[in-house]
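Reading the structure
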Amino acid sequence: MPVVTVEASKNLSKETKKEMIENVSQVVADAYGLPIQTITMIIRENIPENIGVAGKPVSEE
């Protein structure tokens, strides 16, 4: 049972998340030759203050 985790600082709409879950799950299922029912996807939306890139918080960019 593959698990796909996506972490990002941007909050996506419910509709966009639904589309992403469907599309990514299908790609992973095809790659592994598994039924889509075996794919789990987790979307974690982090606040920009908790993410740093190049030594600086994303919230300061």
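Higher on the page you've got the structure.
The notes below deal with the structure included here. (Residues numbered from 1 in each chain as written. Predicted model: local features only at pLDDT ≥ 70, side-chain atom pairs only at ≥ 80, totals over all residues. Heavy atoms only, no water.)

A count of helical and extended segments in the chain gives 1 helix and 4 strands. Seen in sequence order, the chain has helices and strands lined up from the N terminus as β-α-β-β-β. Taking 10 Å as the expected radius of gyration for a compact globule of 61 residues, we find that the chain reaches 14 Å, considerably beyond that expectation. Taken along its principal axes, the extent of the C-alpha atoms in the chain is 40 × 25 × 15 Å. (Helix = DSSP H or I, 4+ residues; strand = E, 2+ residues; numbered from the N terminus. Rg over C-alpha atoms; globule rule 2.2 N^0.38 Å.)

Turning our eyes to something else, we now look at the pattern of salt bridges. Under the definition given, this model contains 3 salt bridges. For Lys 17, the salt bridge is made with Glu 45, and the minimal N-O distance between the two is 3.2 Å. A residue pair is termed long-range when its members are at least 10 positions apart, and Lys 17 in helix α1 (residues 14-32) and Glu 45 in strand β2 (residues 40-45) qualify at 28 residues. Notably, a salt bridge pairs Glu 22 with Lys 18, separated by 2.6 Å at the nearest N-O pair. A residue pair is termed a helical-turn pair when its members lie 3 or 4 positions apart in one helix, as Glu 22 and Lys 18 do in helix α1 at 4 residues. Assessed through its relative accessible area of 52%, Lys 18 is described here as exposed. (Salt bridge = Lys/Arg side-chain N within 4 Å of Asp/Glu carboxyl O. Buried < 20%, exposed > 50% of the residue type's maximum accessible area, 1.4 Å probe, protein only.)

The next point concerns the pairing of strand β1 (residues 3-8). Relative to β2, β1 runs parallel, the two sharing 6 bridges. Paired with Glu 7 across the strands is Arg 44, a residue of β2. With α1 bridging β1 and the parallel β2, this β-α-β connection has right-handed handedness. (Pairing = 2+ DSSP bridges. Right-handed = clockwise from strand over helix to strand, strands pointing away.)

The next subject is the nonpolar core. Counting residues in each nonpolar core, the largest one holds 5 residues, listed as Val 4, Val 28, Ala 29, Ile 39 and Met 41. In this structure Ala 29 touches Leu 34, Pro 35, Ile 36 and Ile 39, once residues within four positions along its chain are discounted. (Core = buried A, V, L, I, M, F, W, Y, C linked by side-chain atoms within 4.5 Å. Contact = heavy atoms within 4.5 Å.)

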